[in-house]
Amino acid sequence: MKIIESLKNVWKIEELRDRITVTLGILLVYRFGAQVVLPLIDFEKISSLKGNADEGGLIWLINAFTGGGFSNASVFALGIMPYISASIVVQLMGIAIPYLQKLQKEGASGQKKITQITRWLTIAICLLQAPAYLAGLPSLSGVGSLSALLVEGASTTTFMFSSVTILVTGCVFAMWLGEKITDKGIGNGISLLIMVGIIATLPQAFLQNAATRLEGNNVMLILFELVVWFVIILASIMLVMGVRKIAVQYARRTASGGYEKSAMAGSRQYIPLKLNASGVMPIIFAQAIMFVPSLIGGSSFLKETSFGTWMQTEFSDIFGFAYNVTFALLIIVFTYFYTAITVPTNKMADDLKRSGGFIPGIRPGSETSEYLDKIMSQITLPGSIFLALIAVFPAFIVKLMGVSQGWALFFGGTSLLIMVGVAIDTMQQINSYLLNRHYDGLMKTGKNRKAVA
């Protein structure tokens, strides 16, 4: 089979083989760390937390991003999310803070300083999240107090101090693992750590849903759900890969070599503008905002009112109508916002002008920038709506087909888009190694390509 021959070609390239081995080894270390429970915790007493995480909902979502470390009260309970939060904050601050803007323009040296700032901010966020997580463990586990969660004779003060230190260290270590994958392995390390954590919960979610279906002798329904799942995966791939090609014409150039001169005809190329240039960031932004209404509803001012009760009820149910309508609208808004700050149409127009290129019928400079901005606005609307529909699709699956909540969350949303996006990015990197060594890529045949003399 062609796919087997392609995999053999992957293994023939020593550098690629070493990178894949390093990546798999680091991912194994991360998965092992997600199972190591914090010292002094009685593991049996957090079984209810694991049960809540398996049922779906917000706890499942948080647990998936931490690779199961959240429900295990492990040394990686915070996962890599503090680093993601720090990266988002630094990126947003880069719009308003001149110092960060200057660093962004300094190339590799500036990026190194930005990375260092992100690391320190990650530690600061960990120092806030670690005590909050530990303080919330008793209520999440269904025990009366933190002391009831610990082994007999353990000091609460000692536990808090040691656990905060371990959680911060665990997050920093996970961040280091991700960076090592990026440097020495294959793919984006941080994204791969998140994806592996999500995939780790997939088999259990599917088997629980399948067991429920089998009890009712609904085998065909299981097959139908798998077909729908594959269709949604294909739709997500289309969203991630979709581009609008803007034709670019380069002027005729004269090349001279010795005493000979020859006219080189103008070449025609394209600027690929992605349909979803913002990736999963709008969903992550919107997901963070969606925690706010239930917190406001549970505040001392609104807790006893009917409006506060409604907010707590409606916005705590991630499969509810009010939650998903608000969620979809926020995704559309954040898609426009994030695209505007990450797609530099002005810089694209300036680079095109300096290289002697132009868009046919459009003047170089400001007119080109305005044209690119207009095209981005046009393609961002359907892209944002499509992204919002995929994000809220799990709610439709639960309401229309009665799929279990844990399995339904793989039918869309952040989980599916991260898995699809990371898988495509990793395959593209492997593809580039194959093409550089004169092999066809993974999407083509596995036959050796003839080297060009």
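Residues numbered from 1 in each chain as written. Predicted model: local features only at pLDDT ≥ 70, side-chain atom pairs only at ≥ 80, totals over all residues. Heavy atoms only, no water.

### Digging into the pattern of salt bridges
Thinking step 1. Taken as a whole, this structure holds 5 salt bridges when the rule is applied.
Thinking step 2. Its salt-bridge partner being E225, residue R213 comes within 2.7 Å of it at the nearest N-O pair. Of this pair, R213 sits in helix α12 (residues 202-215) while E225 sits in helix α13 (residues 219-241); the two residues are 12 residues apart in sequence, bridging distant segments of the chain. A single burial state applies to R213 and to E225, both of which are buried.
Thinking step 3. With its nearest N and O atoms 2.4 Å apart, the salt bridge here joins D351 to R354. Separated by 3 residues within a single helix, D351 and R354 lie in helix α18 (residues 345-354), roughly one turn from each other. (Salt bridge = Lys/Arg side-chain N within 4 Å of Asp/Glu carboxyl O. Helix = DSSP H or I, 4+ residues; strand = E, 2+ residues; numbered from the N terminus. Buried < 20%, exposed > 50% of the residue type's maximum accessible area, 1.4 Å probe, protein only.)

### With respect to the layout of surface pockets
Thinking step 1. Size it by volume and the second largest pocket reaches roughly 890 Å³.
Thinking step 2. Lining of the second largest pocket is provided by 25 residues; of these, I62, F70, M81, Q129 and F291 occupy positions nearest its centre.
Thinking step 3. Only α4 (58-65), α6 (81-96), α8 (108-141) and α14 (281-289) provide two or more residues apiece to the lining of the second largest pocket.
Thinking step 4. Split by residue class, the lining of the second largest pocket holds 20 nonpolar, 5 polar and no charged. (1 Å grid on protein atoms, 1.4 Å probe; cavity = no way out; pocket = protein on both sides within 12 Å on 5 of 7 lines; lining within 4 Å. Points joined across faces, edges and corners; volume = space filled by probe spheres on them. Nonpolar A, V, L, I, M, F, W, Y, C, P; charged D, E, K, R; others polar.)

### Let's talk about the nonpolar core
Thinking step 1. Of all hydrophobic cores here, the largest spans 92 residues; its most connected members are I80, Y133, F327 and F410.
Thinking step 2. Not counting residues within four places of it along the chain, the set of residues in contact with F327 comprises I283, A286, Q287, M290, A391 and V392. (Core = buried A, V, L, I, M, F, W, Y, C linked by side-chain atoms within 4.5 Å. Contact = heavy atoms within 4.5 Å.)

### Quick look at the packing of aromatic side chains
Thinking step 1. Scanning all chains against the criterion turns up 10 aromatic pairs.
Thinking step 2. Seen from their ring centres, Y323 and F327 are 5.9 Å apart, and the 45° between their planes marks the pair as tilted. Of this pair, Y323 and F327 both sit in helix α17 (residues 321-342), separated by 4 residues, roughly a single helical turn.
Thinking step 3. The class for F327 is buried, based on a relative accessible area of 4%.
Thinking step 4. Here W407 and F410 contribute two aromatic rings whose centre-to-centre distance is 6.2 Å and whose plane-to-plane angle is 40°, an arrangement assigned as tilted. The exposure classification of W407 matches that of F410, with both residues buried.
Thinking step 5. An aromatic cluster of three or more residues is present, and its members are F206, W229, F230, W407, F410 and F411. (Phe/Tyr/Trp six-rings, centres within 6.5 Å; stacked < 30°, edge-to-face > 60°.)

### Examining the packing of helix α2 (residues 14-33) against helix α10 (residues 156-184)
Thinking step 1. Between α2 and α10, the shortest axis-to-axis distance is 9 Å and the interhelical angle comes to 170°. With respect to each other, α2 and α10 are oriented roughly antiparallel. For the pair α2 and α10, contact is made by R19, V22, T23, I26, L27, V29 and Y30 and by F173, A174, L177, K180, I181, T182, D183 and K184, respectively.
Thinking step 2. Tallied by class, the residues present in the contact of α2 with α10 amount to 9 nonpolar, 2 polar and 4 charged. (Axes fitted to C-alpha atoms, helices over the stretch in contact; angles between N-to-C directions. Parallel < 35°, antiparallel > 145°, perpendicular 65-115°, else oblique.)

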